[in-house]
Amino acid sequence: MAEGRKAAPKQPPAGGWGALNAVEQHLGKQQILLKGNRALLSMNKPGGFDCPSCAWPDPGKPHIAEYCENGAKAVAWEATKKRTGPDFLAEHRVEELKTWTDHELEDHGRLTHPMRYDAATDTYRAVDWQTALTEIGETVAQLDPKRVELYTSGRTSNEAAFLWQLYGRLLGTNNFPDCSDMCHATTTVALPESIGVGKGTVTLEDWEHCDALFIIGQNPGTNSPRMMTYLHQMAKRGVPIVTFNPLKERALLRFTDPQSPVEMLTGRGQTISSSYFQVRTGGDIMAMQGICKAVIAADDEARARGEKRILDVDFLRDHTDGFEAFAAFARDLSWEEIEHYTALSRAQIEQAANIYMKAERVIACWGMGITQHKHGGDAMQQILNMLFLRGNIGRLGAGACPIRGHSNVQGDRTVGINKTPTETFLAQLDKAFDFTSPREHGHDTAECCEAILRGDVDAFLAMGGNFFRAIPDIERVGEKVPQIGLTVQVATKLNRSHLIHGKRAYILPALGRTELDLQNGVPQTVTVEDSFSMVHGSTGRLEPASEHCRSEPWIIANLAKATLAGRVAIDWDALVADYGRIRDKIEEVFPDQFGKYNRRIGLPGGFRLPNGASERVWNTPTGKANFLFDPDLKDQNDEAPEDAHLQLMTLRSHDQFNTTVYSNNDRYRGVSGERMVVFMNESDMAELGLSEGTVVDFASAAGDGIKRQAGGFKVVAYDVPKGCCAAYYPETNALLALSHRDKRSNTPAAKSVPVVISRARPGEPASSKPEVAEQYPTTPNLTVPAA
Ligand SMILES: Nc1nc2c(c(=O)[nH]1)N[C@H]1C(S)=C(S)[C@@H](COP(=O)(O)OP(=O)(O)OC[C@H]3O[C@@H](n4cnc5c(=O)[nH]c(N)nc54)[C@H](O)[C@@H]3O)O[C@H]1N2
Ligand SMILES: Nc1nc2c(c(=O)[nH]1)N[C@H]1C(S)=C(S)[C@@H](COP(=O)(O)OP(=O)(O)OC[C@H]3O[C@@H](n4cnc5c(=O)[nH]c(N)nc54)[C@H](O)[C@@H]3O)O[C@H]1N2
Ligand SMILES: [Mo]
């Protein structure tokens, strides 16, 4: 395998001064150094606000500065002094704003007023709240609810999400496309088949006790940097950390803890992954099955020799179903096949298996590298099979650990954002609010896109997010949006989804998580659920961006009043006057999960929602943990089809939060000032006649006859397995085919997009190299946050 120029070992460790430097730079750029530093100190602490960035949990005893570089960027971005007000919007036509980059749109600052689209001038114009809500409400009230879509992005609090689903069901629809449908829906759907619950089984306490950690398809250094503190501690304790990732991600190689004076001064950092396996994209199914094969073989030998068994025989007998069939399948797999599909050697897989077998308590984490594949659910179930073999679930220090994306994406689902609600839930909801919810299943994100393509959507209402930028097939779907009668976007910042709008369109400015939310003069607390099912309070403290911003619960309640006037007897004003009353209603609907909700939200670190699998209670049809596998799958390991050159993974840079682009730098991958790049293996480059800096175009090879293109990407040689390449999301989203998705959950396969690559300017020699920084500054200009 070619060692790419950017092979990470030559670079300094991740974290360290670079991270602290970045915090101050981002606060400085948003003109909020002092305010920002003070805000950061109350983040992720009891009584403070929850970080609006990722879903990593808060410890019970937080550190004095319980935040990371990327959390600080998220806060700086929200707390910015910059504003996008009515004057600006009146002066810039929507057609013109479409030429702005994602970064430029959001960087212009916080939205300050409710805005309504004016077709005559092609601009958004200020409108007062009452008028906006009345017009929207009256329009929605007249529509067929099956043709209304209610999108949720995962920053929405439990209180807002609960009201949002209530509003939708009162209208008469279960159409709840959710950001999670592009993210961990794979986990939500495939995990219950294995263990009866769609969430992770571990807590921070388990992290402290585990003695081997597997990180599969996840990039914590960028996307959940507070996890690095734990990885760093584990590595120091000598806990083996085994990574499966096609890309050498720098923070998974070496990391300097910004909280460690010694490491900061020596700049040495700590090795994080004890083994790093560059699996081919989509090769995880076979990689996990290969590990299982090796473990089962070792157990067969131990048994033959009368030695201590390797498998946890008692667990397999008492708690699992389907082991024998799986074991027979694994024994039969050929190493040639495994090596072919994983791009790993038998020796490497056996090395991983040995680490697994030596450990008493194993946790396996995964992220988008697993979920965003056509066979994402199958891959995840193989991770679970591996854990089952030695009973690594439902006991201290062991378990399954999907790392969620948005800070409350897990909570939104818990409180009812779900296109296929259970009858138990609906019955409870109906009782609590005295109405009859629709029983017919609704749309998820992919189905919502299909409905838009068919012309079957009359209103698209979004609670946050940037739907028309984050979805697959953005161009095809985007072309149809102008035919939608009404689009409403509740947002903090201007983004592309506001420019791709319906015939009538509104942008409603929301308070951010960090901001003081006063209702009748009383500060309100909202709640969120993290990746470890811990629910806790979040109380904003900063002055709101504008007096016209409203909280999400307020917006939903007033929209509901305007839409459903006289149709239901719900005292919306009372619910919004005290969010404790919304929580009482959540408790009434989910008594088993949210008992004593209001009393428990202030507990340090939060309270944990019940999770059967973590107690070895299996809420599956067999009543057991199920070994699941598809014997025919090996021919479909998401290899690039024959007419494609490479399999493209679309990923995040270090300076973005999903479609929010903080800057064009990607410090850990050594790229600066540039997002239009493609990371390629040198031998693939040679085969395709490309050199570093060549500008290439992509065409997708989705095999459905539809032309999908994205152009202008500069080639960067990188240490990725042959056959795979990587580029940033969302610049590549036009290439994703809507039909190319996980079969169980409809999650788009954003990590395996088959592409054909061509020179953008045929005949022209390789152009200038992309500006790639060899190292980030070593002399930090730093203001350490005051304690
Ligand atoms: N700062 C910051 N934080 C974030 C986000 C952000 O954009 N910025 N986004 C949030 C959200 S919504 C989410 S969902 C999470 C996303 O967090 P991640 O799950 O880390 O998401 P990605 O950046 O998409 O990267 C996934 C990783 O999977 C690897 N990978 C790709 N294909 C494969 C494969 O086939 N097999 C394996 N084993 N690995 C593969 C990639 O190389 C990459 O390292 O982060 C959340 N936190
Ligand atoms: N190709 C490709 N596509 C992907 C992915 C990928 O890896 N590759 N990842 C997928 C994943 S994992 C996800 S989760 C989705 C993300 O999809 P979304 O959740 O829809 O997108 P975001 O970029 O997180 O949304 C950013 C916008 O949210 C608004 N916002 C921020 N904070 C708040 C708030 O507090 N309240 C309100 N009302 N609005 C707020 C701002 O206006 C901002 O512009 O994208 C998916 N799309
Ligand atoms: Mo996500």
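Residues numbered from 1 in each chain as written. Chains lettered and ligands numbered in written order. Predicted model: local features only at pLDDT ≥ 70, side-chain atom pairs only at ≥ 80, totals over all residues. Heavy atoms only, no water.

- The chain carries the name FdhF/YdeP family oxidoreductase in an unreviewed UniProt entry, which gives Rhizobium deserti as its organism.
- On record in UniProt, under Sequence similarities (unreviewed entry), the comment for the chain is "Belongs to the prokaryotic molybdopterin-containing oxidoreductase family." (UniProt positions renumbered as here; feature names shortened; annotations may be inferred.)

**A short note on the layout of surface pockets**
Turning to step 1, where the next piece is worked out: Taken as a whole, the largest pocket holds about 1200 Å³ of empty space.
Turning to step 2, where the next piece is worked out: Forming the walls of the largest pocket are 38 residues, and the residues nearest its centre are R413, T414, N418, T422 and Q593.
Turning to step 3, where the next piece is worked out: With four residues, helix α9 (residues 185-195) is the largest single contributor of residues to the lining of the largest pocket.
Turning to step 4, where the next piece is worked out: Of the residues contributing to the lining of the largest pocket, the split by class is twelve nonpolar, 18 polar and eight charged. (1 Å grid on protein atoms, 1.4 Å probe; cavity = no way out; pocket = protein on both sides within 12 Å on 5 of 7 lines; lining within 4 Å. Points joined across faces, edges and corners; volume = space filled by probe spheres on them. Helix = DSSP H or I, 4+ residues; strand = E, 2+ residues; numbered from the N terminus. Nonpolar A, V, L, I, M, F, W, Y, C, P; charged D, E, K, R; others polar.)

**Observations concerning the side chain of H498**
Turning to step 1, where the next piece is worked out: In this fold, H498 is placed in helix α27 (residues 496-499).
Turning to step 2, where the next piece is worked out: The class for H498 is buried, based on a relative accessible area of 0%.
Turning to step 3, where the next piece is worked out: Here H498 is in contact with L111, Y124, Q489, A491, K493 and I507, once residues within four sequence places are set aside. (Buried < 20%, exposed > 50% of the residue type's maximum accessible area, 1.4 Å probe, protein only. Contact = heavy atoms within 4.5 Å.)

**Let's talk about the site of ligand 2**
Turning to step 1, where the next piece is worked out: By nearness alone, 33 residues border ligand 2, and E106, Y151, E552, T659 and Y729 come closest of all.
Turning to step 2, where the next piece is worked out: In this structure, T659 approaches ligand 2 through a side-chain N or O atom, which is 2.5 Å from an oxygen atom.
Turning to step 3, where the next piece is worked out: Expressed as a share of its isolated accessible area of 920 Å², the protein-covered part of ligand 2 is 96%.
Turning to step 4, where the next piece is worked out: Of the residues that constitute the shell around ligand 2, the class distribution is 14 nonpolar, 13 polar and six charged. (Near = heavy atom within 4 Å. Polar contact = N/O pair within 3.5 Å; in protein donor to acceptor, adjacent residues only side chain to side chain. Areas by Shrake-Rupley, 256 points an atom, 1.4 Å probe, with all protein chains shown as cover.)

**What about the sheet that holds strand β30 (residues 724-728)?**
Turning to step 1, where the next piece is worked out: If you walk around this closed barrel you meet the six strands as β24-β30-β27-β29-β28-β31, and the pairing is mixed. Sheet twist, expressed as the mean angle between neighbouring strand axes with direction ignored, is 45°.
Turning to step 2, where the next piece is worked out: Across three bridges, the pairing between strand β24 (residues 646-651) and strand β31 (residues 753-759) is antiparallel. Its bridge partner lying in β31, L646 is registered against V755. (Pairing = 2+ DSSP bridges. Axes fitted to C-alpha atoms, helices over the stretch in contact; angles between N-to-C directions.)

**A few points about the pairing of β31**
Turning to step 1, where the next piece is worked out: Here five bridges tie strand β28 (residues 695-700) to β31, and the two strands are oriented antiparallel to one another. Each residue of the ladder has a partner; that of F698, found in β31, is I757.

**Describing helix α8 (residues 158-171)**
Turning to step 1, where the next piece is worked out: Across its 14 residues, α8 extends 20 Å between first and last C-alpha, which sits within 8% of the 20 Å expected from 1.5 Å per residue.
Turning to step 2, where the next piece is worked out: Summarising burial for α8: 14 of the 14 residues are buried, a large majority.
Turning to step 3, where the next piece is worked out: The positive-phi residue at the C-terminal boundary of α8 is G172, with phi of around 115°. (Expected span 1.5 Å × (residues − 1).)

**Some words on the pattern of salt bridges**
Turning to step 1, where the next piece is worked out: All told, the structure shown has 50 salt bridges when counted by the stated rule.
Turning to step 2, where the next piece is worked out: Here R110 ties to E515 by a salt bridge, and the two come within 2.9 Å at their closest N and O atoms. Placement of the pair is R110 in strand β3 (residues 110-111) and E515 in the loop between β17 (504-509) and β18 (518-519), with a sequence separation of 405 residues. With respect to class, R110 is no different from E515; both count as buried.
Turning to step 3, where the next piece is worked out: One salt bridge connects D378 with R744, and the closest N-O pair in it is separated by 3.5 Å. A residue pair is termed long-range when its members are at least 10 positions apart, and D378 in helix α21 (residues 376-389) and R744 in the loop between β30 and β31 qualify at 366 residues.
Turning to step 4, where the next piece is worked out: Several salt bridges converge on common partners, so that one network encompasses E69, K73, D655 and R667. (Salt bridge = Lys/Arg side-chain N within 4 Å of Asp/Glu carboxyl O.)

**Considering the site of ligand 1**
Turning to step 1, where the next piece is worked out: If you check the shell around ligand 1, you find 30 residues, and the closest are E249, G282, D284, Q656 and N658.
Turning to step 2, where the next piece is worked out: E249 is positioned such that a nitrogen or oxygen atom in its side chain is 2.6 Å from an oxygen atom of ligand 1.
Turning to step 3, where the next piece is worked out: In the environment of ligand 1, an oxygen atom lies 2.8 Å from a nitrogen or oxygen atom belonging to the side chain of H373.
Turning to step 4, where the next piece is worked out: Surface burial for ligand 1 is 98%, taken as the share of its 920 Å² of free accessible area covered by protein chains.
Turning to step 5, where the next piece is worked out: Of the residues that constitute the shell around ligand 1, the class distribution is ten nonpolar, 16 polar and four charged.
Turning to step 6, where the next piece is worked out: Viewed by domain, the shell around ligand 1 spans two of them, domain 3 (185-403) and domain 4 (646-759), each represented by three or more residues. (Domains from an automatic or database assignment.)

**Examining helix α28 (residues 552-564)**
Turning to step 1, where the next piece is worked out: Compared with the 18 Å implied by 1.5 Å per residue over 13 residues, the 18 Å span of α28 between its first and last C-alpha is a close match.
Turning to step 2, where the next piece is worked out: Within α28, eleven of the 13 residues are buried, leaving the element largely enclosed by the surrounding structure.
Turning to step 3, where the next piece is worked out: Taken together, the buried positions of α28 are occupied by E552, P553, W554, I555, I556, A557, N558, L559, A560, T563 and L564.
Turning to step 4, where the next piece is worked out: Sitting at the head of α28, S551 places a side-chain oxygen 3.1 Å from the backbone nitrogen of W554.

**Focus on the confidence of the model for the chain**
Turning to step 1, where the next piece is worked out: When the pLDDT values of the chain are averaged, the result is 92; 95% of them are 70 or greater.
Turning to step 2, where the next piece is worked out: Confidence drops under a pLDDT of 50 for residues 1-9, and excluding neighbours within four residues, the segment shows 31 contacts in the predicted structure.
Turning to step 3, where the next piece is worked out: Taken as a whole, residues 766-787 scores under 50 in pLDDT and shows 51 contacts with residues more than four places along the chain or in a different chain. (pLDDT = per-residue confidence, 0-100.)

**As for the nonpolar core**
Turning to step 1, where the next piece is worked out: Counting 59 residues, the largest nonpolar core has I195, F214, F244, I291, W366, L384 and L389 as the members making the most contacts within it.
Turning to step 2, where the next piece is worked out: Take this core: its biggest share by element is nine residues, from helix α15 (residues 284-304). (Core = buried A, V, L, I, M, F, W, Y, C linked by side-chain atoms within 4.5 Å.)

**Focus: unusual backbone geometry**
For residues other than glycine, phi is negative in most cases, and the peptide bonds are mostly trans.
Turning to step 1, where the next piece is worked out: Put simply, Y729 and P730 share a cis peptide bond, and its omega is 5°.
Turning to step 2, where the next piece is worked out: Although it is not a glycine, D473 sits at a positive phi angle of roughly 50°.
Turning to step 3, where the next piece is worked out: Although it is not a glycine, N746 sits at a positive phi angle of roughly 65°.
Turning to step 4, where the next piece is worked out: Residue position: N746 is located in the loop between β30 and β31.

**Concerning the packing of aromatic side chains**
To describe a pair of aromatic rings, one takes the distance between the centres and the angle between the planes.
Turning to step 1, where the next piece is worked out: The full count for this structure, using the stated rule, is 34 aromatic pairs.
Turning to step 2, where the next piece is worked out: Between W207 and Y230 the ring centres are 6.4 Å apart and the planes differ by 80°, which places this aromatic pair in the edge-to-face class. Within this pair, whereas W207 is found in helix α10 (residues 204-209), its partner Y230 is found in helix α12 (residues 226-237), the two being separated by 23 residues in sequence. Each member of the pair, W207 as well as Y230, carries the same accessibility label: buried. (Phe/Tyr/Trp six-rings, centres within 6.5 Å; stacked < 30°, edge-to-face > 60°.)

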